[in-house]
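Observations on the model geometry
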Amino acid sequence: MDKDYIHIILADDDEDDRMLFTDAFGELRINTKVNTFNDGVELMDYLNTPDAILPNVLFLDLNMPKKNGIECLYEIKQNSRFNDIAIAIFSTSSSEEHIEETFVQGANIYIKKPSDFTTLKKVLSDVVTINWQYHTSGLNRDNFLLRL
Amino acid sequence: MKIKRIYKSTMFLKSIFVVSIFAIFFISAVTYKHINILNNSSKWVNHSYDVNLELERLFSYLKDSETGQRGFLITKDSSFLKPYIESKEKIIKSFALVKVYTKSNPDQEQNIRKLEFYLSKKQNYLSASMQLAHTKPVTDHALKEKLVIGKITMDSIRIQINEMILLEKNLLKNREISYTDTIKVTPVFVYITLLITLVLISISYVRISKDLDKLKMSNNSLAVMNESNNLAEIVGNFGSWQLNVDSKEYTFSDNSYRLLGFQPQSFFASQENFLNHIHTEDRSSFSTANEQMLLDGYLAPFTYRIIREDKKVRYFRTTARIVTNKSGDEILIGTTSDVTDEVLVSLSLEQQNLELEASNKELSAFNYVASHDLQEPLRKIQTFVSRLSDKEYNNLSQSGKEFMGRINNSVERMRILIDDLLQYSRTTKIEKVFEESDLNELLENAKSDTQQTIDEKKAIIQSEKLPQMMVIPFQIQQLFANLIGNSLKYSKDSVAPQIKITCSKVIAEEEDQVPKNTKEKFYKITFIDNGIGFEQEYAEKIFILFNRLHNKNEYAGTGIGLAICKKIVENHKGFIFAAAKPDVGATFTIYLPE
Amino acid sequence: MKIYVKFDFNSVCRKVLEEKLIKYNVKYRVLGFGEIDILEKIDSAVLKSFTEELKEYGIDIIENQKTVLVQKIKDTIVEMIHNSDLVNVKSSVYLAEKLSHSYGYLSNLFSDVTYTSIENYIIMQKIEFAKQLIVSTDLSLTEIAFQLNYSSVAHLSTQFKNATGITPSGFQRIITKRREIANKK
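Residues numbered from 1 in each chain as written. Chains lettered and ligands numbered in written order. Predicted model: local features only at pLDDT ≥ 70, side-chain atom pairs only at ≥ 80, totals over all residues.

Some remarks on the overall build of chain A
Along its length, chain A carries five helices and six strands. In chain A, the succession of helices and strands from N to C terminus is β-α-β-α-β-α-β-α-β-α-β. Taken across its 148 residues, chain A has 38% of its residues classed as buried. Sequence separation of at least 24 residues holds for 67% of the intrachain contacts in chain A that already meet a minimum separation of 6. (Helix = DSSP H or I, 4+ residues; strand = E, 2+ residues; numbered from the N terminus. Buried ≥ 20, exposed ≤ 12 C-beta atoms within 10 Å, placed from the backbone. Contact = placed C-beta atoms within 7 Å.)

Below is the structure:
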């Protein structure tokens, strides 16, 4: 895992959440490079740039202005170029039906934003670790579903 | 029995009529015959009389000629020859007549021949003697001889004539006898027939008059019914109409006119006239429905608007169907009611409903958004408090640490409250998707949701097999999770919680708690625990939103959990009841319709 | 038209390897899974381009002895789980036997390299296999639990949920719904 850094991207319109996210990764032992975007449009613009470095894991907030998480998810799933990205929906709270729907639409991970920092760190760490294990063990990414 | 039936039948009068006609014909035939006979009878009498008279005349003429002859014989006066000559002719004529009269009878014909012989003989001798008398005196022998033969012939003639007369008399008598026999019967026939006819006519009369009475009674009750119908129409605010399908004649009842704001029968009853009063927008649909009605012979209740005489708009509803009367006519009968009140009320109810729904939707949305959006800042508070705690805990004073602790507690409570509120608002969402689900699976999911607590408290959960049903899966799962969670939360300190879940199929009527006028079959699922229970008097209160039986220091809770359970059960058109004994345990019974 | 495919990962890799080896004209001998004896010296440049081409297929040439062993542990574990005969065998015993090291040594090595324990890896692979079975067969959860040597469906569910946060039935639902959407397109 130390060979390369793990590239993480977060799209979230909330400043506090972006800060907490970046800080959390900063305190983890894992070698990561974190980029954040303020909304869906910025995110998709970046991803669609031809030589953009694609993330290993993409965290999407659901409620974003201009283009929300679900719309981004849909677009990403349409483009085979993004097939290797593990997509995590990172959201405040949703109904069971809504959560199921995000998985059905192609998300790999659903995370309910935790309300304390330590838990946040653990959650992010788990996501990255499990994703890396998937990657190294050649497991079927289509079946990669995780809910935290 | 059979006679009574004959009497009652409708053919009775007709047959009596026919019989009477026959009787009349019979009587006239008999009478005609009788008259004929009488006619004939008198004819024969005349005939006999004529014959006899003529015979007498003949003899008289003969006598005259004889007298003439005698006179001449005596006086030799030629003036006595005149009657003799005249009588000669008369004799011939008279004899011819007699011949004609007696032509029909063979016996008489024989007599006539005999008479003819005698007559001619007499004539001969008469003329012979006359000849002689011319030249010879009276005492002449030849003359005397002739005279004597003449006299004998006359006697024979006399005898013959008497015979003929007698024969005629006998003939007449015989005829009389035979006629009398025939005639005797006639009156009897006539009287008998007359009697029978009289009886029949009396019977008919009785029958007819009884029928008339019945008809009168029917008519009376019909008149009364008509009146009561009219009254009913007035009271019930409807009108009736009829259409004779064949003759195309319409009849509108009095109240039909009143409904339109007119005086009864104030205009000619026709479809065009009625159409004039229908609201312009509804005219075409009404006409279409009308045409279809004439084809089908039936009109399902059809609502449309009319404009009354006073220009007010009213809602009418018409229904019709065909009946066939006793004469085989097809009559389309219809009823038109003024349903304006009903329609207006229903419209206003619809309106109110829509408003209520919109309002509910708004409230629901508000609830949802509020709960959802409140979570964000709350989470932030918690997160940053936790960061503060992590980073700066050692830099805090004792009271600082305590304050942090209390902040955390309050914030946590608030979080749970908002979570529960959010959950509650989710169960009231309008769009509910029912799916065929395995309740056992939902129960397993609910258990794994609370697995941590189950393991901590070493709880044992036993369940019977649950059915497959059409439910909202996430809600039922929530229901189970809440109930299990409750049982775990309110368990006794020293005893490991045991939860028993049973399931059976029941009929609504056999269950006391279920209201009677509901769907028949239910699945009854019970959750029985061995926790701290509660007083039975609170059994209904605990389902009320925010209602709690313990304060927050004893047991954490928001008072929303069971309200959510009740809402979920109501969403499925079921029922939930609680029963408990303090310190023994609680039983929650859920009824879900099949 | 739609066709459903199942990957036999091993055969695919072997085929690619062989194709590449033939392409680079390398004389070789396959010793076992993941082990190839190159029978002649290869130029380092050739080795580099060979390595890179394989990388495109996700095939890495492992240089490190430790990583080799770890890979062997992983492969053995996968084999254990997929082989119904081995289902009842105790994993620690089997691994130690098969790889000729003590289980303790293997365990430590594994954690150092992968940052996770063998037990965790076994669970992960079991759950993966369960997912595969759910996706590609009609087996019921009971049958799958049995095949994977779980004492009950509940046990499988619990482990499944712990690992993924979703219940097996939930997983099944999601896969089914995904298929439905894919079918509509």
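Some thoughts on the overall build of chain C
Within chain C, the regular secondary structure consists of nine helices and two strands. Partitioning the intrachain contacts of chain C with sequence separation of at least 6 by distance along the chain shows that 46% fall at a separation of at least 24.

Quick look at the interface of chain B and chain A
Each partner contributes to the interface: chain B provides 14 residues, whereas chain A provides twelve residues. At the level of secondary structure, the elements contributing two or more residues to the side of chain B that touches chain A comprise α9 (340-392) and α10 (398-427) of chain B. In terms of residue count, α9(B) provides more of the side of chain B that touches chain A than any other element does, ten residues in total. The residue inventory of the side of chain B that touches chain A, partitioned by class, reads two nonpolar, five polar and seven charged. (Nonpolar A, V, L, I, M, F, W, Y, C, P; charged D, E, K, R; others polar.)

Concerning the confidence of the model for chain A
When pLDDT is averaged along chain A, the result is 88; 98% of the residues meet or exceed 70. Looking at the elements of chain A, mean pLDDT is at its lowest for helix α5 (residues 117-136) of chain A, recorded as 87, and at its highest for strand β3 (residues 57-60) of chain A, recorded as 94. (pLDDT = per-residue confidence, 0-100.)

Some points on the interface of chain A and chain C
With 14 residues of chain A at the interface, the matching set in chain C holds 19 residues. The set of elements that each furnish at least two residues to the side of chain A that touches chain C consists of α4 (96-104), α5 and β6 (146-147) of chain A. The dominant element in the side of chain A that touches chain C, judged by the number of residues it contributes, is α4(A), at three residues. Of the residues belonging to the side of chain A that touches chain C, the class tally is seven nonpolar, five polar and two charged.

Observations concerning unusual backbone geometry
Phi is mostly negative for residues that are not glycine, and the peptide bonds are mostly trans. Residue and element names in this part refer to chain B. Its identity is not glycine, yet Lys458 carries a phi of approximately 55°, on the positive side. The topology assignment puts Lys458 in the loop between α12 (451-457) and β7 (460-463). We classify Lys458 as exposed; it has 8 C-beta atoms within 10 Å.

Structural notes on the sheet that holds strand β1 (residues 238-244) of chain B
Residues and elements named next belong to chain B. An order of β2-β1-β5-β4-β3 is seen for the five strands of this open sheet, with the pairing classed as antiparallel. The sheet is open, and its two borders are formed by β2 (249-252) and β3 (298-307), each paired with just one other strand. Averaged over all adjacent pairs, the angle separating strand axes in this sheet is 20°, with direction ignored. Pairing geometry for strand β4 (residues 313-324) and strand β5 (residues 330-338), over nine bridges, is antiparallel. Along β5, the bridge assignment pairs Thr319 with Thr335. In the packing of helix α8 (residues 280-296) onto the sheet, the strands contacted are β3 and β4, and the crossing angle to β3 comes to about 155°. (Pairing = 2+ DSSP bridges. Axes fitted to C-alpha atoms, helices over the stretch in contact; angles between N-to-C directions.)

Here's the deal with the sheet that holds strand β12 (residues 585-593) of chain B
Strand pairing in a sheet takes place through backbone hydrogen bonds and is either antiparallel or parallel in direction. All names here are of chain B. Overall, mixed pairing links the five strands, which are arranged β7-β9-β10-β12-β11 in an open sheet. Two strands close off the open sheet at either side, each with one partner strand: β7 and β11 (575-581). Direction aside, neighbouring strands of the sheet carry axes that sit 15° apart on average.

Re the pairing of β5(B)
Residues and elements named next belong to chain B. Two elements, β1 and β5, share seven bridges in a ladder whose sense is antiparallel. If you follow Leu243 over to β5, its bridge partner there is Leu332. Here β4 folds back onto β5 in antiparallel fashion, the turn holding five residues, of which Gly328 has a positive phi close to 90°.

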